[in-house]
Amino acid sequence: MSATTTPHPKGTAGGNRRRRRGPRTWLAALPLLVFTGLCFGIPLGAIAFGAVTRTDPVTGAVQPTGEHLARSLQGPYLGSLIGSVQLSALTALVGGLLGVLIAQAVVTSRSTALRNATLTASGVLANFGGVPLAFAFIATVGISGVVTQLADLGSLGWSLYSFTGLTVVYLYFLIPLMVLVIAPALDGLRPQWREAAQNNGATAGQFWRHVGLPVLAPSLLGGFVLLFGTAFAAHATAAALVGGSVPLVTLKIADALSGNVLTGQENVALALGLDMILIAGLVMAVYLPLQRRSARWLR
Amino acid sequence: MLSAAVLTTLSACGAAPDQKSAGTSADGKAKVQPGAAASVADLGGMEALVAAAEKEGQLNVIALPPDWANYGEIVKAFQAKYPKIKINSENPDAASADEIAAVKSRKGQKRAPDVLDLGIAFARSGAAENLFAPYKVTAWDKIPAAQKDADGRWYNDYGGYVSIGCDAARIPNCPQTFADLLKPEYKGKVALNGNPTKSGSAFGGVYAAALANKGSFADIQPGIDFFGQLKKNGNFIPVESTPATVEKGETPISIDWDYLNAGYADQFKGKGVDWKVAVPTDGVYAQYYSQAINKEAPNPAAARLWMEFLYSAEGQNLWLKGYARPVLLPGMTQDGTADKDAVTKLPKVEGTPSFPASEELDKAKAALAQKWDKAVS
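Cut-offs and rules
Residues numbered from 1 in each chain as written. Chains lettered and ligands numbered in written order. Predicted model: local features only at pLDDT ≥ 70, side-chain atom pairs only at ≥ 80, totals over all residues. Heavy atoms only, no water. Helix = DSSP H or I, 4+ residues; strand = E, 2+ residues; numbered from the N terminus. Buried < 20%, exposed > 50% of the residue type's maximum accessible area, 1.4 Å probe, protein only. Contact = heavy atoms within 4.5 Å. 1 Å grid on protein atoms, 1.4 Å probe; cavity = no way out; pocket = protein on both sides within 12 Å on 5 of 7 lines; lining within 4 Å. Points joined across faces, edges and corners; volume = space filled by probe spheres on them. Nonpolar A, V, L, I, M, F, W, Y, C, P; charged D, E, K, R; others polar. Buried area = accessible area lost by both parts, 1.4 Å probe. Salt bridge = Lys/Arg side-chain N within 4 Å of Asp/Glu carboxyl O. Polar contact = N/O pair within 3.5 Å; in protein donor to acceptor, adjacent residues only side chain to side chain. Pairing = 2+ DSSP bridges. Disulfide = S-S within 2.5 Å. Core = buried A, V, L, I, M, F, W, Y, C linked by side-chain atoms within 4.5 Å. Axes fitted to C-alpha atoms, helices over the stretch in contact; angles between N-to-C directions. Parallel < 35°, antiparallel > 145°, perpendicular 65-115°, else oblique. Left-handed = near helix turned anticlockwise from the far one by under 90°. pLDDT = per-residue confidence, 0-100.

### So, the overall build of chain A
Here comes step 1: Counting secondary structure elements, chain A contains 12 helices and 2 strands.
Here comes step 2: Secondary structure elements of chain A, listed N to C terminal, follow the sequence α-β-β-α-α-α-α-α-α-α-α-α-α-α.
Here comes step 3: Of all 299 residues assigned to chain A, the portion counted as buried reaches 38%.
Here comes step 4: Taking all contacts inside chain A whose residues are at least 6 apart in sequence as the whole, residues at least 24 apart take part in 70%.

See below:
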């Protein structure tokens with residue numbers, strides 16, 4: 001998804017973008033294709049199969065059924081899908097916006113030290129997730145956290161264990177991720193373009209509207225998709241932080257697969273997994289054509 | 001001499017644990033393979049069972065947390081009593097669903113769990129799926145009929161009551177009933193020990209709250225509404241209480257099994273936490289966990305020996321020491337084999353527990369799975 005820096009075949013002057021696809025090119029990609037087929041194809045097949053079949057517990061007979069998929073789109077399961085999409089979309093939007101602003105500030109600043117420090121920190125923070133992150137937040141702004149006690153955040157209505165709290169925690173690793181993803185694209189905006197625009201009398205606003213944003217659009221969208229996917233699939237942080245109080249699809253899958261209360265929910269969990277894959281696929285489907293359209297500017 | 005004879009017979013019969021063929025031994029006492037034995041008599045007595053188990057030399061257990069209902073000491077005691085049998089403890093914090101998954105996915109493997117400690121719903125569904133071996137321990141007749149499967153595929157082992165734990169060092173007046181929990185003085189202080197759609201003890205908490213609010217075993221809705229109300233007035237916090245959150249003061253009031261809450265009281269003595277336990281009088285709900293033997297246990301004799309150990313006075317008293325109420329406690333109190341010190345330390349409860357029927361439980365769970373999210377989010 002973060003393919004913003006992947007070299008793309010340059011279009012020829014006439015817009016004819018035919019690639020040479022000899023048999024040897026395919027051969028070189030074969031290990032990758034086999035790997036992808038094994039590591040993604042088999043689990044995907046297992047999920048899809050389990051989602052649309054029912055195994056009789058006593059006889060072991062397998063029958064096709066749409067029951068699990070139907071249940072995964074009803075009641076609290078549907079609620080958890082909606083909750084996950086809402087949380088992921090919101091955090092990806094806010095995180096994307098703040099990430100771009102920070103990256104732009106760093107890219108245009110003259111200080112290389114600042115730039116290096118920011119990018120390094122982003123690399124570390126973007127990978128700081130899961131239970132350690134949840135614990136860090138609990139210790140600082142949880143109910144008995146240090147900052148909560150000192151600043152009396154509780155009386156201000158702050159609660160870490162809510163949708164808002166979860167948003168803040170997710171932003172903690174999503175913003176650095178956006179900085180990492182978008183910085184190379186911002187670097188690719190050539191100073192000459194801006195100079196050319198200025199020479200032609202364009203204002204800064206006009207430059208961004210007609211040149212900057214259209215060129216950046218695919219990278220921005222790519223960043224958004226990456227952030228959305230990261231937030232959508234996150235489980236450990238949310239599980240450690242909010243348990244069942246914010247409905248999220250990953251938490252619901254965990255409840256259905258591994259619990260002490262509900263029995264016989266495994267196939268619904270698989271159906272939910274399939275729903276997640278479909279949603280991720282939809283989001284990707286919006287992004288890919290646009291990405292291809294103007295990626296050539298950024299080389 | 002006798003055990004040696006049985007031992008040779010057993011080993012001569014091949015290793016397949018679930019083979020049904022009856023191997024008649026020289027002395028005619030051991031009638032069946034350990035995997036098919038439905039009682040210790042089938043194996044020719046306790047000595048023969050011990051010998052067969054020692055021959056296997058292994059016992060695979062799963063989901064036995066050392067800090068839960070004294071399981072740490074129970075495993076140690078078994079190990080000390082039968083040093084020739086090595087206990088392999090897998091995934092101590094596993095949930096019942098994980099245990100069943102391990103049984104299913106490792107059919108026929110040496111690593112499959114031999115014995116299981118399950119939530120009641122999983123014991124019932126596992127029996128329906130024919131995953132367990134029927135085996136009646138020596139004390140079988142003393143287990144109340146409501147707490148065992150008639151065929152001996154599972155039976156309750158230990159349990160306790162839903163209780164309210166409270167840190168008296170932080171809370172001036174500890175709540176004694178569910179009704180108390182709604183008081184404004186407990187704002188931001190009341191926690192469950194998990195998500196009730198996943199954790200058995202949290203589910204018990206909601207069930208008890210239902211009973212406290214004119215609900216019944218068939219109607220858990222008042223309990224869900226109760227927590228919805230607690231959430232609305234700001235008393236309920238979604239933090240899942242653990243020993244760590246209790247010690248940090250994050251969950252100063254925690255609804256949990258009385259044996260866990262009582263255990264915390266010991267654990268936190270002298271750490272600035274004065275943990276008090278009350279079994280609420282308005283919502284009395286008890287639940288027991290169940291034992292079962294994997295039908296395809298790789299070590300069938302050791303599995304049966306483990307069961308005999310758990311349902312001996314020694315095993316039952318070890319659970320009791322961990323503040324859990326062993327299933328044989330009423331009988332043991334009568335015949336004087338119960339550990340009296342441990343009994344007096346148990347949180348006080350009035351009346352005898354009753355248990356929901358299978359269908360009532362299913363209905364309550366379905367309602368909970370549907371309504372819980374909306375109530376507390």
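There's more to say after this.
### Side note on empty space enclosed by the protein
Here comes step 1: Per the counting criterion, the structure on display carries 7 cavities of 30 Å³ or more.
Here comes step 2: Estimates place the volume of the largest cavity at around 90 Å³.
Here comes step 3: Along the walls of the largest cavity sit 14 residues, with Gly244 of chain A together with Gly194, Asn195, Phe236 and Pro238 of chain B positioned nearest its centre.
Here comes step 4: For the lining of the largest cavity, the residue count by class is 9 nonpolar, 4 polar and 1 charged.
Here comes step 5: Approximately 80 Å³ is the volume found for the second largest cavity.

### Here we look at the interface of chain A and chain B
Here comes step 1: With 24 residues of chain A at the contact, the number on the chain B side is 29 residues.
Here comes step 2: Both sides together, the interface formed by chain A and chain B hides about 2,400 Å², and carbon and sulfur atoms give 56% of it.
Here comes step 3: Seen at the junction of chain A and chain B, the total is 1 salt bridge.
Here comes step 4: Between Lys252 of chain A and Asp373 of chain B there is a salt bridge, with its nearest N and O atoms 2.7 Å apart.
Here comes step 5: Across the chain A-chain B interface, the total number found is 8 residue pairs in polar contact (both at pLDDT 80 or more).
Here comes step 6: Its residues assigned to classes, the side of chain A that touches chain B comprises 13 nonpolar, 9 polar and 2 charged.

### A look at the pairing of strand 5 (residues 155-167) of chain B
Residue and element names in this part refer to chain B.
Here comes step 1: Most of strand 5 is tucked away, with 13 of its 13 residues classed as buried.
Here comes step 2: By the bridge criterion, 5 bridges tie strand 5 to strand 9 (residues 286-294) in an arrangement that is antiparallel. Residue pairing in the sheet places Tyr155 in a bridge with Gln291 of strand 9.
Here comes step 3: In this sheet, strand 10 (residues 325-326) lies alongside strand 5 in antiparallel orientation, the contact comprising 2 bridges. The residue bridging Tyr158 from the neighbouring strand is Pro326, located in strand 10.
Here comes step 4: Bridge count between strand 5 and strand 7 (residues 253-257): 5 bridges; the pairing is antiparallel. In the sheet register, Val162 faces strand 7, and the bridge partner there is Trp257.
Here comes step 5: Bridge count for strand 5 against strand 8 (residues 275-278) is 4 bridges, and the pairing is antiparallel. Considered in strand 8, the bridge of Gly165 is made with Val277.

### Re the state of the cysteines
Residues and elements named next belong to chain B.
Here comes step 1: A complete count under the given rule lists 1 disulfide over all chains for this structure.
Here comes step 2: Put simply, Cys166 and Cys174 are joined by a disulfide, and their sulfur atoms are 2.1 Å apart. Disulfide Cys166-Cys174: torsion about the S-S bond near -75°, hence left-handed. As far as the burial class goes, Cys166 and Cys174 line up, both buried.

### Some thoughts on the nonpolar core
All names here are of chain B.
Here comes step 1: Within the largest apolar cluster, 110 residues are counted, with the highest numbers of intra-cluster contacts made by Phe227, Tyr259 and Trp306.
Here comes step 2: The leading source of residues in this core is helix 11 (residues 300-310), at 8 residues.
Here comes step 3: What Trp306 contacts, discounting residues up to four positions off in sequence, is Leu59, Val61, Leu64, Tyr71, Ile74, Val75, Phe78, Ile87, Val115 and Gln291.

### Considerations on the environment of Phe137 of chain A
Residues and elements named next belong to chain A.
Here comes step 1: Mapped onto the secondary structure, Phe137 falls in helix 5 (residues 130-141).
Here comes step 2: Residue Phe137 is classed as buried on the basis of its relative accessible area, which comes to 13%.
Here comes step 3: Placed 110 residues apart in sequence, Phe137 and Pro247 show a C-alpha to C-alpha distance of 20 Å.
Here comes step 4: Here Phe137 is in contact with Gly142, Leu160, Val168, Val169 and Tyr172, once residues within four sequence places are set aside.

### Considerations on the pattern of salt bridges
Residues and elements named next belong to chain B.
Here comes step 1: Taken as a whole, this structure holds 16 salt bridges over all chains when the rule is applied.
Here comes step 2: Across the pair Arg153 and Asp149 runs a salt bridge, and its minimum N-O distance is 2.8 Å.
Here comes step 3: Residue Arg153 is classed as partly exposed on the basis of its relative accessible area, which comes to 22%.
Here comes step 4: Note that Lys183 and Asp180 form a salt bridge whose closest N and O atoms lie 3.4 Å from each other.
Here comes step 5: Assessed through its relative accessible area of 36%, Lys183 is described here as partly exposed.
Here comes step 6: Shared partners join several salt bridges into a network, and the residues in it are Asp149, Asp151 and Arg153.

### Some thoughts on the side chain of Ser199 of chain B
Here comes step 1: Mapped onto the secondary structure, Ser199 of chain B falls in the loop between strand 6 (190-192) and helix 7 (200-212).
Here comes step 2: A relative accessible area of 14% means that Ser199 of chain B is categorised as buried.
Here comes step 3: A polar contact of 3.2 Å, which involves the side chain of Ser199 of chain B, links it to the side chain of Asn193 of chain B.
Here comes step 4: Here Ser201 of chain B takes part through its side chain, which lies 3.2 Å from a polar atom of the side chain of Ser199 of chain B.
Here comes step 5: Setting aside residues no more than four positions away along its own chain, Ser199 of chain B makes contact with Val261 of chain A together with Asn193 and Gly194 of chain B.

### As for the packing of helix 2 (residues 46-56) of chain B against helix 11 of chain B
The relative placement of two packed helices comes down to the angle between their axes together with the axis-to-axis distance.
Residues and elements named next belong to chain B.
Here comes step 1: Direction vectors running N to C along helix 2 and helix 11 enclose 130°, while the axes themselves pass 7 Å from each other. If you check the angle between helix 2 and helix 11, you find them oblique. Regarding helix 2 and helix 11, the two cross each other, and that crossing is left-handed. Facing helix 2, whose interface residues are Met46, Leu49, Val50, Ala52, Ala53 and Glu56, helix 11 presents Pro300, Ala301, Ala302, Arg304, Leu305 and Glu308.
Here comes step 2: Looking at the contact of helix 2 with helix 11 residue by residue, the class counts come to 9 nonpolar, no polar and 3 charged.

### Some points on the confidence of the model for chain B
Residues and elements named next belong to chain B.
Here comes step 1: This prediction gives chain B a mean pLDDT of 88; 92% of its residues lie at or above 70.
Here comes step 2: Across residues 1-28, confidence stays below pLDDT 50; counting only partners more than four residues off in sequence or on other chains, it has 36 contacts.
Here comes step 3: Both scores are available for the predicted complex, with the pTM at 0.80 and the ipTM at 0.76.

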